[in-house]
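Single-letter residue listing:
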Amino acid sequence: MESKSYLDELIVRYPVLDSIKEDIIKAYEVLEECYENGNKLLIAGNGGSASDAEHIVGELMKSFIKPRHMEEEFISKLISCDEQYGKELGAKLQGGLPAIALSVHNSLNTAFLNDVDGLLCYAQEVCGYGKEGDVLLGISTSGNAENIIYAAVTAKAKGMKVIGLTGKDGGRLRERSDTCIIVPEFETYKIQELHLPIYHTLCLMLEERFFQ
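Since the model is a prediction, treat every value here as computed from it, not as a measurement.

As a volume, the largest pocket reaches approximately 170 Å³. Forming the walls of the largest pocket are Tyr 6, Glu 9, Leu 10, Arg 13, Tyr 14, Phe 64, Leu 196, Pro 197, His 200, Thr 201 and Leu 204. Only helix H1 (3-13) and helix H10 (188-210) provide two or more residues apiece to the lining of the largest pocket. Along the lines of polarity and charge, the residues of the lining of the largest pocket split into seven nonpolar, two polar and two charged.

In structure tokens form, the structure reads like this:
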């Protein structure tokens, strides 16, 4: 199945998303360029959206629905380092698309919260991890989460692109994003229910592109 087919299937299953199809395509193109150039994705969200961030990492960093076998050259390097363990690693390791959920670094985030400013925890991580060409995916159902906004501004200053995943009117994140996917819902749980099939589709499209 080609990448476009995954998007077509998404619209068939969720017709309400047809109005934002072009925005989903734009987000995919930003991610595709990021990975083509050897860069990484940073993901930030609060509450349920923090769980979504971790969920996305799980789909990108290992096999989603396709096998992602290691290249023979890398398997040979593993074996040359250690024949016993290298063979097992070569057989079991999977190709990954680099992605980091910013919500999982509890020691760093709580230290920064205690010592500096809790609203800037994600911005600090973007400042430390982010490089030009990387992408920040900011997930906020309202588009107005202050810590996501701070992270987006920091990302732009680092030469990164910003994708917003929101609802309602997109909030202040919309104007600070290179592209913003705004699902046509207004209640938080309904917005979150549409975020999941969107990011699943993006992950499927990326896997199709990079792991033929």
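Structure shown, so let's carry the discussion forward.
Following the UniProt record, one finds the feature "domain: SIS" (unreviewed entry) at residues 31-212. Helix makes up 55% of residues 31-212 and strand 13%. Its end C-alpha atoms lie 17 Å apart.

Turning to the nonpolar core, a few remarks are in order. Counting residues in hydrophobic clusters, the biggest one holds 39 residues, and the most contacted among them are Leu 41, Leu 60 and Ile 198. Residue contributions to this core peak at nine residues, all from H10. Ignoring sequence-local partners within four residues, the contact set of Ile 198 consists of Leu 10, Leu 17, Ile 20, Ile 24, Leu 165, Ile 181 and Val 183.

Let us now look at the sheet that holds strand S1 (residues 41-45). Note: strands within a sheet are paired through backbone hydrogen bonds, in either parallel or antiparallel orientation. Across the sheet, five strands lie side by side as S2-S1-S3-S4-S5; this open sheet has parallel pairing. Two strands bound the open sheet, and with one partner strand each, they are strand S2 (99-101) and strand S5 (179-182). Sheet twist, expressed as the mean angle between neighbouring strand axes with direction ignored, is 15 degrees. Bridge count for strand S4 (residues 161-166) against S5 is four bridges, and the pairing is parallel. Following the sheet pairing, Ile 163 is matched in S5 by Thr 179. With respect to the sheet, helix H2 (residues 21-36) is in contact with S1, S2, strand S3 (135-139), S4 and S5, its orientation differing from that of S5 by roughly 135 degrees. Lying on the sheet, H10 is in contact with S3, S4 and S5; it crosses S4 at an angle near 140 degrees.

All chains considered together, the criterion is met by two cavities of 30 Å³ or more. Considering only enclosed or pocket space, the largest cavity measures out at about 60 Å³ in volume. For the largest cavity, the full set of lining residues is Leu 31, Leu 41, Ile 56, Leu 60, Leu 137, Tyr 199, Leu 202, Cys 203 and Leu 206. Looking at the lining of the largest cavity, the elements that each hand over two or more residues are helix H3 (48-60) and H10. Per-element tally for the lining of the largest cavity: the top contributor is H10, with four residues. In terms of residue class, the lining of the largest cavity is built from nine nonpolar, no polar and no charged. Roughly 50 Å³ of volume is contained in the second largest cavity. Secondary-structure elements contributing two or more residues to the lining of the second largest cavity are S4 and H10. Partitioning the lining of the second largest cavity into residue classes produces eight nonpolar, no polar and no charged.

With that out of the way, let us pick up the pattern of salt bridges. A full pass over the atoms with the stated rule returns 14 salt bridges. Across the pair Arg 68 and Glu 207 runs a salt bridge whose closest N-O atoms are separated by 2.9 Å. One end of the pair, Arg 68, is in the loop between H3 and helix H4 (72-81); the other, Glu 207, is in helix H10, and 139 residues separate them in sequence. As far as burial versus exposure is concerned, Arg 68 and Glu 207 are alike and both buried. Glu 187 serves as the salt-bridge partner of Lys 190, at 3.2 Å between the closest nitrogen and oxygen. Through salt bridges that share partners, Glu 32, Glu 36 and Arg 209 make up one connected network.

So, on to a nonpolar patch on the surface. A cluster of nonpolar side chains, Phe 74, Tyr 85, Leu 89 and Leu 93, forms an exposed patch at the surface whose accessible area comes to about 370 Å². Tracing the chain through its elements places Tyr 85 in helix H5 (residues 83-92).

The rules behind these values
- Residues numbered from 1 in each chain as written.
- Predicted model: local features only at pLDDT ≥ 70, side-chain atom pairs only at ≥ 80, totals over all residues.
- Heavy atoms only, no water.
- 1 Å grid on protein atoms, 1.4 Å probe; cavity = no way out; pocket = protein on both sides within 12 Å on 5 of 7 lines; lining within 4 Å.
- Points joined across faces, edges and corners; volume = space filled by probe spheres on them.
- Helix = DSSP H or I, 4+ residues; strand = E, 2+ residues; numbered from the N terminus.
- Nonpolar A, V, L, I, M, F, W, Y, C, P; charged D, E, K, R; others polar.
- UniProt positions renumbered as here; feature names shortened; annotations may be inferred.
- Core = buried A, V, L, I, M, F, W, Y, C linked by side-chain atoms within 4.5 Å.
- Buried < 20%, exposed > 50% of the residue type's maximum accessible area, 1.4 Å probe, protein only.
- Contact = heavy atoms within 4.5 Å.
- Pairing = 2+ DSSP bridges.
- Axes fitted to C-alpha atoms, helices over the stretch in contact; angles between N-to-C directions.
- Salt bridge = Lys/Arg side-chain N within 4 Å of Asp/Glu carboxyl O.
- Patch = residues over 30% accessible without salt bridge, like charges linked within 9 Å, V, L, I, M, F, W, Y side chains within 5 Å.
- Areas by Shrake-Rupley, 256 points an atom, 1.4 Å probe, with all protein chains shown as cover.

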